[in-house]
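Okay, here's what each chain looks like letter by letter:
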Amino acid sequence: MANCITRHIPNTVTCCNLFCGCIAAYMAFQSDYEKAILFIILGAVFDFFDGMLARLFNVSGPLGKELDSLADDITFGFAPSAIVFSLFKEVHYPDFLLAVSEYMPYTAFIIAAFSALRLGKFNIDTRQSTTFIGLPTPANALFWGSLVVGAHDFLISDSFNAIYLFLLVLLMSYLLVAEIPMFSLKFKNLAWSDNKISYIFLFVCIPLLVSLKLSSFAAIILWYIFLSVITKKKA
């Protein structure tokens, strides 16, 4: 009886991730960006624990892997797309873009498409067992949610416009599938020499989290990308 119950626990947790993603997307379409990012964060927590529980109960299998990718594309692909979709409806449009302003918000779903592509590549890429190639989808989702919450007034001001937002969508979508090594925060041990990059990353993240709160994630993701790129060059 115990085995019958425990084998379903990881997939149940994965479904909780998907459920959070659906709520986050709904909140995003209502322009309730703070609740949207909170549910994305909650989904990320479930995403962290489903794999851990699968290993703990020794019940990993192909169903869990496929379900995990489906859930991730909702929470970390579709939900941030919904956030950007709503933001497109608020941003300033230059005069030459007014004719297409009704259609520009739909370009936000490029994020969901590239997130699905990134997740598919991750599932079949054997190089990504200890590191990542390209920006992980949870990091991209947290970037968008945090950016919109923390810099909303600037994003809808005359100093920013739909062109800049569209270019940012293209840039972050490219980073999802770019052949850029990104370090993982998985610790095999606590030794400084083996985890130097992760420790440096975390030391900088702590003051950002304390000072910026929810809006800190955008800065943290930019720091993560920057540190990955410069350590790659040094390597």
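From a predicted model like this one, the values you see are computed outputs, not experimental measurements.

Chemist: Go over the overall build of the protein with me, naming the residues and quoting the values.
Modeler: For the protein, the count of helices and strands is ten helices and two strands. Shown N-terminal to C-terminal, the secondary structure of the protein runs as helices and strands in the order α-α-α-α-α-β-α-α-α-β-α-α. Radius of gyration (C-alpha) of the protein: 18 Å, near the 18 Å computed for a compact globule of 235 residues. With respect to the three principal axes, the spread of C-alpha positions in the protein is 60 × 45 × 35 Å. The proportion of buried residues among the 235 residues of the protein is 43%. Excluding contacts between residues fewer than 6 apart, the proportion of contacts in the protein whose partners are at least 24 apart in sequence is 76%. With 15 positive and 16 negative side-chain charges, the protein shows a spacing of 13 Å between the two charge centroids.

Chemist: How would you explain the packing of aromatic side chains if you had to name every residue and give the values?
Modeler: Scanning the model with the defined rule gives 15 aromatic pairs in all. Geometrically, the ring pair formed by Phe29 and Phe85 is edge-to-face, given 5.7 Å between the ring centres and 80° between the ring planes. Taken together, the positions of Phe29 in helix α2 (residues 9-29) and Phe85 in helix α4 (residues 62-88) put the pair 56 residues apart, joining distant regions of the chain. Overall, the relative accessible area of 11% leaves Phe85 in the buried class.

Chemist: Break down the pattern of salt bridges for me, with residues and values.
Modeler: Summed over all chains, the structure comprises two salt bridges. For Asp32, the salt bridge is made with Lys35, and the minimal N-O distance between the two is 3.7 Å. The partly exposed category is assigned to Asp32, whose relative accessible area is 24%. A residue is classified by how much of its surface remains accessible, and Lys35, at 41% relative accessible area, is partly exposed. With its nearest N and O atoms 3.6 Å apart, the salt bridge here joins Glu179 to Lys121. With Glu179 in the loop between α8 (162-177) and β2 (181-182) and Lys121 in helix α5 (residues 110-124), this residue pair connects regions lying 58 residues apart in the sequence. Residue classification places Glu179 among the partly exposed residues on the basis of a relative accessible area of 46%.

What counts and how
Residues numbered from 1 in each chain as written. Predicted model: local features only at pLDDT ≥ 70, side-chain atom pairs only at ≥ 80, totals over all residues. Heavy atoms only, no water. Helix = DSSP H or I, 4+ residues; strand = E, 2+ residues; numbered from the N terminus. Rg over C-alpha atoms; globule rule 2.2 N^0.38 Å. Buried < 20%, exposed > 50% of the residue type's maximum accessible area, 1.4 Å probe, protein only. Contact = heavy atoms within 4.5 Å. Lys, Arg positive; Asp, Glu negative; His and termini not counted. Charge placed at Lys NZ, Arg CZ, Asp CG, Glu CD. Phe/Tyr/Trp six-rings, centres within 6.5 Å; stacked < 30°, edge-to-face > 60°. Salt bridge = Lys/Arg side-chain N within 4 Å of Asp/Glu carboxyl O.

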